[in-house]
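So the chains spell out like this:
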Amino acid sequence: METELCSACGNLITDRYLLKVSGRSWHARCLRCTVCQSALDRQPSCFIKEDNIYCKTDYIRQFGAKCAKCSRSISASDWVRRARELVYHLACFACDSCKRQLSTGEEFALQDNRVLCKTHYMELLDGGSTSNDENNDHESQQRAKSKRVRTTFTDEQLQVLQANFSLDSNPDGQDLERIAQITGLSKRVTQVWFQNSRARQKKHQNNAAQAKRAHGKLKVQLSNHSQSYLS
């Protein structure tokens, strides 16, 4: 009978059962997370890196993706934003200068791994916003106002927005903030989407009502015409 040595304690494994990870053997009692020392014999999975064994939580904490802003771990269920090779939590993807959360489709820039909205990036290129030239300040403000950024939505964001619209077409401020947090959009963009959706819904209802009235009027006219013809 082939003998097996435990990779943790080095002793011969004489137990009825042994555990194997990446071709190496352990006593069931010896297979523990290197960081938290929790037993892994009843866990559905574990991870090995550089001869160290990790539970899923500690492996993700040490080697998983981390937010480039807050440095906290990013789980598989988190909504994220990506900028080049960097990954951010939705709430962390904000302009480093004005702290405003950036929306989908909005232009931004990365400057030394700092996220900047378009306005503050242009100010940075122009040498800052501390100029005493009021005319230049006025012209830059006018340019910023004239260049309106069009917001685009992902399929996932539209699904969330439409699902909430079917529940409540006119949510209050607290609900708007909740929906904005889920979708990663700003509260203002979310509010405008609901306003536009209500307007489209009202227009559709009005068109349907007009078509129904026109159809009823046509039936009456046809009926009168038939009576006149029969008489």
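The structure we're discussing is the one just above.
Just so we're clear, the structure is a prediction, and the values are computed from it rather than from any experiment. (Residues numbered from 1 in each chain as written. Predicted model: local features only at pLDDT ≥ 70, side-chain atom pairs only at ≥ 80, totals over all residues. Heavy atoms only, no water.)

(A) Representation of the overall build of the protein chain within the structure. Tallying secondary structure elements over the protein chain gives six helices and eight strands in all. Counted from the first residue to the last, the protein chain has its helices and strands arranged as β-β-β-β-α-β-β-β-β-α-α-α-α-α. By the burial criterion, 23% of the 231 residues in the protein chain qualify as buried. About 16,700 Å² of surface is accessible on the protein chain, with carbon and sulfur atoms providing 47% of the total. (Helix = DSSP H or I, 4+ residues; strand = E, 2+ residues; numbered from the N terminus. Buried < 20%, exposed > 50% of the residue type's maximum accessible area, 1.4 Å probe, protein only. Areas by Shrake-Rupley, 256 points an atom, 1.4 Å probe, with all protein chains shown as cover.)

(B) Inspection of the packing of helix α4 (residues 155-167) against helix α5 (residues 173-183) at higher detail. Contact pair α4 / α5: the axes reach a minimum separation of 9 Å and the direction vectors enclose 160°. Taken together, the axes of α4 and α5 are roughly antiparallel relative to one another. In the crossing of α4 with α5, the sense of the turn from one axis to the other is right-handed. In contact with Gln157, Val160, Leu161 and Asn164 of α4, α5 contributes Arg178, Ile179, Ile182 and Thr183. Looking at side-chain class alone, the contact of α4 with α5 contains four nonpolar, three polar and one charged residues. (Axes fitted to C-alpha atoms, helices over the stretch in contact; angles between N-to-C directions. Parallel < 35°, antiparallel > 145°, perpendicular 65-115°, else oblique. Left-handed = near helix turned anticlockwise from the far one by under 90°. Contact = heavy atoms within 4.5 Å. Nonpolar A, V, L, I, M, F, W, Y, C, P; charged D, E, K, R; others polar.)

(C) Structural detail: the pattern of salt bridges. Scanning the entire structure with this criterion turns up eight salt bridges. Its salt-bridge partner being arginine 29, residue aspartate 15 comes within 3.4 Å of it at the nearest N-O pair. Of this pair, aspartate 15 sits in the segment before β1 (19-21) while arginine 29 sits in the loop between β2 (24-26) and β3 (47-49), and the two are 14 residues apart along the sequence. The residue glutamate 177 makes a salt bridge to lysine 187 at a minimum N-O spacing of 3.4 Å. (Salt bridge = Lys/Arg side-chain N within 4 Å of Asp/Glu carboxyl O.)

(D) Fine view of the side chain of glutamine 157. With respect to the secondary-structure elements, glutamine 157 resides in helix α4. Note on glutamine 157: relative accessible area 1%, which makes it buried. A polar contact is formed between the side chain of glutamine 157 and the backbone oxygen of threonine 183, at a distance of 2.9 Å. Sequence-distant contacts of glutamine 157, that is, excluding residues within four places in its chain, are made with Arg81, Thr104, Thr152, Thr183 and Leu185. (Polar contact = N/O pair within 3.5 Å; in protein donor to acceptor, adjacent residues only side chain to side chain.)

(E) Molecular detail of the nonpolar core. In terms of nonpolar packing, the biggest core is built from 14 residues, with Cys67, Ala83, Tyr88, Phe93, Leu102, Leu110 and Val115 touching the most fellow members. Sorting the residues of this core by element identifies β6 (86-89) and β8 (114-117) as the ones contributing at least two each. Formed by nine residues, the second largest nonpolar core is a distinct cluster that contains Val21, Trp26, Cys33 and Leu40. (Core = buried A, V, L, I, M, F, W, Y, C linked by side-chain atoms within 4.5 Å.)

(F) Layout of the packing of aromatic side chains. Within the structure shown, the criterion is met by seven aromatic pairs. Between the aromatic rings of phenylalanine 165 and tryptophan 193, the centroid separation amounts to 6.0 Å while the plane-to-plane angle is 90°, which identifies the pairing as edge-to-face. Separated by 28 residues along the polypeptide, phenylalanine 165 in helix α4 and tryptophan 193 in helix α6 (residues 187-230) bring together distant segments of the chain. In this structure tryptophan 193 comes out as buried when scored by relative accessible area, which is 10%. Arranged with centres 5.2 Å apart and planes meeting at 80°, the rings of tryptophan 193 and phenylalanine 194 form a pair that is edge-to-face. Like tryptophan 193, the residue phenylalanine 194 is buried in the burial classification. Members of the aromatic cluster, each reached through a chain of ring pairs, are Phe47, Tyr54 and Tyr59. (Phe/Tyr/Trp six-rings, centres within 6.5 Å; stacked < 30°, edge-to-face > 60°.)

This is a description of form; function is not addressed.
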